[in-house]
Amino acid sequence: MIGSPVPGYRRDIQGLRGVAVVLVLLYHAAAVLPGGFIGVDVFFVISGYVITASLQREWVSTGTIRFREFYARRVKRLLPALALLTASTVLASILLQSPNGPQQQTAKTAFGASAIVANFVILRSIGSYFSSIAENNPLLHIWSLSVEEQFFLVFPAVIAIGWTLARRRETNKSIAAWIVVGGIAIPSILLSVSSSYGLIDVPLLGGSSRTLAYYSSLTRAWEFAVGALLVLLAPRLSQLPQWKLDRLGGAGFAVILGSAVVISENSIFPGFVVLFPVAGAAAV
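Residues numbered from 1 in each chain as written. Predicted model: local features only at pLDDT ≥ 70, side-chain atom pairs only at ≥ 80, totals over all residues. Heavy atoms only, no water.

**Some words on the pattern of salt bridges**
Inference 1: Under the definition given, this model contains six salt bridges.
Inference 2: Put simply, Glu 149 and Arg 74 hold a salt bridge, and the shortest N to O gap is 2.5 Å. With Glu 149 in helix H7 (residues 142-168) and Arg 74 in helix H3 (residues 67-96), this pair connects stretches of sequence that are 75 residues apart. Side by side, Glu 149 and Arg 74 carry an identical accessibility label, which is buried.
Inference 3: Where Arg 220 meets Glu 223, a salt bridge forms, and the shortest distance between an N and an O atom there is 3.2 Å. Of this pair, Arg 220 and Glu 223 both sit in helix H10 (residues 217-232), three residues apart, which is roughly one turn of that helix. In this structure, Arg 220 and Glu 223 share a single accessibility class: buried.
Inference 4: Residues joined in a network through salt bridges with shared partners are Asp 41, Arg 220 and Glu 223. (Salt bridge = Lys/Arg side-chain N within 4 Å of Asp/Glu carboxyl O. Helix = DSSP H or I, 4+ residues; strand = E, 2+ residues; numbered from the N terminus. Buried < 20%, exposed > 50% of the residue type's maximum accessible area, 1.4 Å probe, protein only.)

**Thoughts on the nonpolar core**
Inference 1: The biggest cluster of nonpolar side chains holds 63 residues, and the ones touching the most others in it are Phe 37, Tyr 129, Trp 143, Phe 155 and Ile 159.
Inference 2: Sorting elements by how many residues they give to this core places helix H2 (residues 39-62) first, with ten residues.
Inference 3: Those residues in contact with Ile 159, other than ones at most four positions away along the chain, are Leu 55, Ile 65, Ala 176, Val 180 and Leu 232.
Inference 4: Residues Ala 110, Ala 118, Leu 139 and Ile 142 belong to the second largest nonpolar core, which totals six residues. (Core = buried A, V, L, I, M, F, W, Y, C linked by side-chain atoms within 4.5 Å. Contact = heavy atoms within 4.5 Å.)

**Quick word on the environment of Phe 152**
Inference 1: With respect to the element layout, Phe 152 can be found in helix H7.
Inference 2: A relative accessible area of 1% places Phe 152 in the buried class.
Inference 3: Setting aside chain neighbours within four positions, we find Phe 152 in contact with Ser 47, Gly 48, Ile 51, Phe 70, Tyr 71, Arg 74 and Phe 224.

**Description of H2**
Inference 1: Taking 1.5 Å as the rise per residue, H2 with 24 residues should run 34 Å; its terminal C-alpha atoms sit 35 Å apart, in good agreement.
Inference 2: Counting buried positions over the 24 residues of H2 gives 17, a clear majority of the element.
Inference 3: Following H2 by one or two positions, Gly 63 adopts a phi angle in the positive range, close to 80°. (Expected span 1.5 Å × (residues − 1).)

**Overview of the confidence of the model for the chain**
Inference 1: Taken as a whole, the chain shows an average pLDDT of 91; of its residues, 94% reach a score of 70 or greater.
Inference 2: The lowest-confidence element of the chain is helix H6 (residues 132-135), averaging 86 in pLDDT; the highest-confidence one is helix H13 (residues 275-283), averaging 97. (pLDDT = per-residue confidence, 0-100.)

**Re the packing of H7 against H10**
Inference 1: Between H7 and H10, the least distance of the axes is 9 Å, while the angle of their chain directions is 50°. Compared by their axis directions, H7 and H10 come out oblique. Note that H7 runs across H10; the crossing there is right-handed. Every residue of H10 that contacts H7 at Trp 143, Val 147, Glu 148, Gln 150, Phe 151, Phe 152, Phe 155, Ile 159 and Trp 163 is listed here: Ser 217, Arg 220, Ala 221, Phe 224, Ala 225, Ala 228 and Leu 232.
Inference 2: Partitioning the contact of H7 with H10 into residue classes produces twelve nonpolar, two polar and two charged. (Axes fitted to C-alpha atoms, helices over the stretch in contact; angles between N-to-C directions. Parallel < 35°, antiparallel > 145°, perpendicular 65-115°, else oblique. Left-handed = near helix turned anticlockwise from the far one by under 90°. Nonpolar A, V, L, I, M, F, W, Y, C, P; charged D, E, K, R; others polar.)

Structure (structure tokens):
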């Protein structure tokens, strides 16, 4: 649903979240969808949209972004649940997993999750998301939360700079969109593609270039940026005829489902194929 973001319940967003959850569950629990893991990419787009809409509402109503309150809300919302999850999982790991490998990996990931760097811990200690070693880590999924929080450590400042410049120049807010595109989206997608295909290497972060592409917040930032751009460009997008918007949403949903069927762990991912689920989520 394209339009000016408003507070309150959004059935389109909640429905899309539900689709993403089901895709991931079907991939891990039942192995029904070979590409169900693309549900994470759908989540990234949703997160970029929701957070940007929230920041925009605050900017419009107060003329500023209260960074302390923003980060406090993130901590209050996520930290208690994350602490409970990691503590209970580590306890279960002690009771159920072998101390010669799996138990150690789970403990490392738990510590990484507490410091919001689980993605880099997994990158260095486990490697590929699709490896047999990764399958034995019950906290493997925490990597995506770390990616999200790393992105939102810097994004509010980036978007505030764009809106501040627009206000000082007494122009429209499209300058914020250009900053998001030029400062985040383009560098991120270039890094994602080049590392996915092994064209560059970042040895300081450990792991191969392809695992870096998968786990790094730097290579995933553009997916959040796509969601952010939907908010920033909403006034222009809302000028499209309603029948086009309706068809766009339907086509986007079909692309998401098609991606979950066609993409698999044998695909070079993220690579170019991640463009399909991301575009599908944006269209919805």
